[in-house]
Amino acid sequence: MSIAAPGKVAYINARIIDPATGFDGPGELLTIGEEIADVGRKLFEGKPPKDVQIIDCDGQCLAPGLVDMRVQLREPGEEHKESLKSGCEAAVAGGVTTMVGLPNTNPIIDDEATVEYVARRARKQALTKVYVYGAATKGLLGKELAEMGLLAEAGALGFTDATKAIADAQVLRRALAYAATFNFLIIQHPEEPSLANGVMNTGEISTRMGLSGIPREAEIIMLERDLRLVAMTGARYHAAHISTAESVEIIARAKARGLNVTCDTAPFYFALNEMAVGDYRTFAKLSPPLRTEDDRQAIVEGLRSGIIDCIASDHAPHDQDSKRLPFAQAAFGGSGLETLLAVSIGLHHSADMKLIDVLRRLTVEPAALLGLDAGRLAKGKKADLVMFNPDRGWKVVADDFRSKSKNSPFDGQPVQGKVLRTVIDGRCVFSATSGAVS
Amino acid sequence: MRDQVFPHRHLLGIEGLTPIEINHLLDCSERYIALNRSTHKTTEALKGRTIINLFFENSTRTRTSFELAGLRLGAHVINMQVETSSVTKGETLIDTAVTLNAMHPDVLAVRHSDSGAVKLLADKVNCGVVNGGDGSHEHPTQALLDALTIRRRKGKLNGLVVAICGDVLHSRVARSNFHLLLTMGARVRIIAPRTLIPSGIERLGVEVFTDMAKGLRDADIVMMLRVQHERMKGSFIPSVREYFRFFGLDRAKLSQAKPDALIMHPGPMNRGTEIDSDVADDFERSTIREQVELGVAVRMAVLEILAQNGAAA
């Protein structure tokens, strides 16, 4: 697919929000070609040049496109659940202009060829910019180190065993030490597997429902152990999708000690609690499981205080066959790309978090920790933008998703915050008015 | 008569030796280089003496080097192989030592796969013991032959920048070289992936690098270590090809070192793993064959001194 080079586009009457600079106010933005040419309160004094296409934002927010640091794209291997095409279409509809895929594809991303394959296939879509993490261990088996150096040269942004913890302490120690050699990031799914053979959070609800539990300690123990090894090796470590109150405390302590540690959480864990499992709803079967209301509130507080650095969708598409099963047999994971912005903006509406701080965790923070030149509205940067109305309400209808998979735990829920337009490299790739993905 | 400068019964390691002692061993070695190059390569310095090569771990070059050194000094040399010895029948290390001691050897050259095993044995015998390599601990004659090679090429050890690259974690060669080079006033850098850097290594006085280009910058000596293949299958290093890409010595990485930097390797080399053939075979700069040659001279000097010190005791 060849794309006509975008010309000059002026976004006027916008509420410009750039978390990188802390600017939140009325302004204008000009893109020329693929780049941001200028941004400021008044660029044109009411009369933009004639050769410029004008987009009147009508007071709506204009922010850097979202950087989603944790998604599962099922290509190669399970294209019936999600392909790079459907995943990218879902992403642009969600305002996501950059995303990072986990290596748990088939084949697994533990060699350079697969990194390059995904990059080349994603470029063809010419939509959201797709990066991947490499496997931390060969075959995600948790035994032997993967070729991190060569994978990074091919473009891998960090190393993880995806939805599996690197459980063996000696293997993690060596993975951290080896990664520290090159200053690579290790991303852990922090869950002690020997404690995690249940299907939902351990507690009163799991007891009432007769479902086997995954205790909060599975996450807590793994995090505490990991941070000892991080201190020992001096590596850069990122804990994915933390879900418990104590996890926030543990990360806070590690940061206070000066360890090179970051973490993210997913909207599931600040918007929902274990009650969402309700009547054995398999769409609410997630990994880690939804926790208690106290945990949820602590996660919100962690986001507000900045202990939790990033919000990632943890997009985990599954087909109907994987979810229309008895709860214990259903797959873990929820679709997240198309609800990422709206559910996150919920933190602004209901938890009194500033909109710019919500966006910070979705843009410049993940970009900075992954070393990506993205997530900011500065002159000369690539024009990756999202225009949205933070207040407009809509109802999540999973059947309308562009993603091939409809397994959203938010299905049927009202949310506030609507993506109006998504721009990548200066080019409009999604518009809510036409509904079209160009 | 006991050697005045090096009066010790054993040579178990470099750690603890003084610069004067090290220089003396190198000076004594120097005398044998010409002899080894001559047609008639034998002296009668240790005529009638007995040297036993006791190797609990496979070795070809070190054992051969000790054997030749003993023969050229006129001594009787016996090689004891692990496979044929009573060790495989269940005899303990100390029993072996006591048994051999009863046969009145003059010097034992011992290699063992366990760190500290050579000292354990040395404590139980009356003769001199030279450590031919114990576990990941020390390999003193290798460090001496490396030092002799450097001294002959560069005229000194003091002030040189020596980069030691590779599997430092498991290397007895590296440890003996740290001690020797630092004692003699050289600057020692190590370059390796973090998985192969032993903890607390900075406390020994070496500088640690994880990037070859940075670690090799302006080095006078580039000393490569062998990486054993069993370490390369994922436990310490992902693969051979990744190791060679980032830590193998090739022309491009070597260009960071001084133009006249020497390339050293204790052998046996893994071409294409830690060193490119192009570099290993560089006639001007690679000292790999010279190291082997000088090894015999160093071992002659050590065996002679230990045999004499033992007789004087």
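The shown structure was predicted, so the numbers you read here are calculated from the model rather than taken from an experiment.

1. Quick word on helix 11 (residues 340-351) of chain A
Residue and element names in this part refer to chain A.
Right, on to step 1. For helix 11, spanning 12 residues, the distance from its first C-alpha to its last is 16 Å, which sits close to the expected 16 Å at 1.5 Å a residue.
Right, on to step 2. Listed as buried for helix 11 are L340, L341, A342, V343, S344, I345, L347 and A351.
Right, on to step 3. Directly after helix 11, the chain includes D352, whose backbone phi takes a positive value near 65 degrees.

2. Concerning the interface of chain B and chain A
Right, on to step 1. Each side of the interface is counted separately: chain B has 17 residues, and chain A has 17 residues.
Right, on to step 2. Summing the contributions of chain B and of chain A, the shared interface buries around 1,500 Å²; its carbon and sulfur component is 54%.
Right, on to step 3. By the criterion of area lost to chain A, the three top residues of chain B are B:P238, B:R241 and B:E242, representing 33% of everything that side buries.
Right, on to step 4. Joining chain B to chain A, the criterion identifies 3 salt bridges.
Right, on to step 5. The shortest N-O distance in the salt bridge between B:R241 and A:E112 comes to 3.1 Å.
Right, on to step 6. Applying the counting criterion to the chain B and chain A interface returns 11 residue pairs in polar contact (both at pLDDT 80 or more).
Right, on to step 7. Within the side of chain B that touches chain A, the residues separate by chemical class into 7 nonpolar, 5 polar and 5 charged.

3. Description of helix 7 (residues 245-256) of chain A
Since the α-helix advances by 3.6 residues per turn, residues separated by three or four positions end up pointing in the same direction.
All names here are of chain A.
Right, on to step 1. With 12 residues, helix 7 ought to run about 16 Å at 1.5 Å a step, and its terminal C-alpha atoms sit 17 Å apart, in line with that.
Right, on to step 2. The set of residues buried in helix 7 consists of A245, S247, V248, I250, I251 and A254.
Right, on to step 3. Considering only its buried residues, helix 7 is in contact with helix 6 (217-233), strand 14 (236-239), strand 15 (261-265) and helix 9 (293-305).
Right, on to step 4. Of the residues trailing helix 7, G258 is marked for its positive phi of about 90 degrees.

4. Brief notes about the domain arrangement of chain A
Residues and elements named next belong to chain A.
Right, on to step 1. Along its sequence, chain A is organised into domain 1 (8-62 + 382-392 + 412-437) and domain 2 (65-370).
Right, on to step 2. Domain 1 and domain 2 are separated by 29 Å when their C-alpha centres are compared.
Right, on to step 3. Taken together, the contact pairs 29 residues of domain 1 with 25 residues of domain 2.
Right, on to step 4. Here domain 1 packs against domain 2, burying approximately 2,000 Å² in sum over the two surfaces, 71% of which is carbon and sulfur.

Reading guide: rules and limits
- Residues numbered from 1 in each chain as written.
- Chains lettered and ligands numbered in written order.
- Predicted model: local features only at pLDDT ≥ 70, side-chain atom pairs only at ≥ 80, totals over all residues.
- Heavy atoms only, no water.
- Helix = DSSP H or I, 4+ residues; strand = E, 2+ residues; numbered from the N terminus.
- Expected span 1.5 Å × (residues − 1).
- Buried < 20%, exposed > 50% of the residue type's maximum accessible area, 1.4 Å probe, protein only.
- Contact = heavy atoms within 4.5 Å.
- Buried area = accessible area lost by both parts, 1.4 Å probe.
- Salt bridge = Lys/Arg side-chain N within 4 Å of Asp/Glu carboxyl O.
- Polar contact = N/O pair within 3.5 Å; in protein donor to acceptor, adjacent residues only side chain to side chain.
- Nonpolar A, V, L, I, M, F, W, Y, C, P; charged D, E, K, R; others polar.
- Domains from an automatic or database assignment.

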